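Topology and contacts: notes
Residues per chain, in single letters:
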Amino acid sequence: PSAPERLKAWARRYRVISVYGPTEATICTSLRQVDENWDGPRLGQTLGDMEHRLCGEELLIGGSGLFRGYRHRPDLTEAACIWLEGRRFYRSGDRVEAAGDGDFFFRGRLDRQVKVRGHRIELEELETVVRQMEGVTRCAAAVQEGELVLFYSGPAEAAELRAGLAARLPIWMLPTRLQPL
């Protein structure tokens, strides 16, 4: 069965709670109980004074659980947040759609950020590092079946490329598979 059908089946036997929230908003900003009528990934009711707002297709998050900023990176903090009506909101990068009942459907990302093995990865960051390596003419990173995969062209050997990436990137950003094209 599909993931939604499995969740509905579990919800008939257990209390299943879907939790939403990025690290920048103290991990959990909202939750929703999954039941037999569950119709997909919704964000649910916000917790405490947390607030979700829609700006175009992007979810904005505000409230007392919002992070103060990225350590020693005021530039990133400024880029990640906006001020509305005297309050600071985090630009989540999550694409959402209003459900009509005050809730939101999660529809994916506005950028190419992915989560692999519990770590957020910007695919463009990985691709930038790979393009700087000798023997690579073109590359593209993607997630397939939950694993980070790097496709590349050029005379670079996979073993040399893997060693070069291991010297330049944290272990959680290393592709599971290197696929020459």
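Residues numbered from 1 in each chain as written. Predicted model: local features only at pLDDT ≥ 70, side-chain atom pairs only at ≥ 80, totals over all residues. Heavy atoms only, no water.

**Brief notes about the overall build of the protein**
Helices and strands together make up the secondary structure of the protein, namely 4 helices and 13 strands. Taken along the three principal axes of its C-alpha coordinates, the protein extends 55 × 45 × 25 Å. A burial count over the protein gives 37% of its 181 residues as buried. Residue pairs at least 24 apart in sequence account for 44% of intrachain contacts in the protein once pairs closer than 6 positions are excluded. About 11,000 Å² of surface is accessible on the protein, with carbon and sulfur atoms providing 52% of the total. A distance of 3 Å separates the average location of the 26 positive side-chain charges in the protein from that of its 26 negative side-chain charges. (Helix = DSSP H or I, 4+ residues; strand = E, 2+ residues; numbered from the N terminus. Buried < 20%, exposed > 50% of the residue type's maximum accessible area, 1.4 Å probe, protein only. Contact = heavy atoms within 4.5 Å. Areas by Shrake-Rupley, 256 points an atom, 1.4 Å probe, with all protein chains shown as cover. Lys, Arg positive; Asp, Glu negative; His and termini not counted. Charge placed at Lys NZ, Arg CZ, Asp CG, Glu CD.)

**A few points about the environment of Tyr-14**
For Tyr-14, the location among the structural elements is in the loop between helix 1 (3-13) and strand 1 (16-20). Sequence separation of Tyr-14 and Gly-65 is 51 residues, and the distance between their C-alpha atoms is 29 Å.

**Here we look at the pattern of salt bridges**
Pairing between side chains becomes possible if they bear opposite charge and their charged atoms approach one another. A complete count under the given rule lists 18 salt bridges for this structure. With a closest N to O distance of 3.8 Å, Lys-8 and Glu-5 form a salt bridge. Of this pair, Lys-8 and Glu-5 both sit in helix 1, 3 residues apart, roughly one helical turn. In this structure Lys-8 comes out as buried when scored by relative accessible area, which is 17%. The shortest N-O distance in the salt bridge between Arg-95 and Glu-57 comes to 3.6 Å. (Salt bridge = Lys/Arg side-chain N within 4 Å of Asp/Glu carboxyl O.)

**Structural notes on the side chain of His-52**
Along the chain, His-52 falls in strand 4 (residues 51-55). A distance of 2.9 Å separates polar atoms of two side chains, one belonging to His-52 and the other to Thr-29. Residues in contact with His-52, not counting those within four places in the same chain, are Tyr-20, Thr-29, Ser-30, Leu-43, Thr-46, Leu-59, Leu-60, Ile-61 and Phe-104. (Polar contact = N/O pair within 3.5 Å; in protein donor to acceptor, adjacent residues only side chain to side chain.)

**Observations concerning helix 3 (residues 123-131)**
Among the residues of helix 3, those classed as buried are Leu-123, Leu-126, Glu-127, Val-129 and Val-130. Buried positions in helix 3, seen along its axis, are confined to an arc of 160° and lie on one side of it. Lining the buried residues of helix 3 we find strand 9 (113-116), strand 10 (119-122), strand 11 (138-144), strand 12 (147-153) and helix 4 (158-168). (Arc of directions from axis to C-beta.)

**Some words on unusual backbone geometry**
Negative phi characterises most residues that are not glycine, and trans characterises most peptide bonds. Residue Ile-27 is not a glycine yet carries a positive backbone phi of 70°. The residue Ile-27 is located in the loop between strand 1 and strand 2 (30-34) in this model. Backbone geometry places His-72, a non-glycine residue, at a positive phi of 60°. Relative to the helices and strands, His-72 is located in the loop between strand 5 (58-62) and helix 2 (74-80). Under the relative-accessibility criterion, His-72 is labelled exposed at 66%.

**Quick look at the pairing of strand 5**
In terms of residue burial, strand 5 counts as a mostly covered element, since 5 of its 5 residues are buried. Bridging between strand 4 and strand 5 involves 5 bridges; their strand directions are antiparallel. Note that in strand 5 the partner of Glu-51 across the bridge is Gly-62. The turn linking strand 4 back onto strand 5 is made up of 2 residues, and Gly-56 within it adopts a positive phi angle of 70°. By the bridge criterion, 4 bridges tie strand 5 to strand 7 (residues 87-98) in an arrangement that is antiparallel. In the strand pairing of strand 7, Gly-62 is matched with Phe-89. (Pairing = 2+ DSSP bridges.)

**A short note on the pairing of strand 13 (residues 177-180)**
As judged from the 4 bridges shared by strand 12 and strand 13, these two strands associate in the parallel manner. Its bridge partner lying in strand 13, Tyr-152 is registered against Pro-180.

Don't take any of this as a statement about function, it's just geometry.
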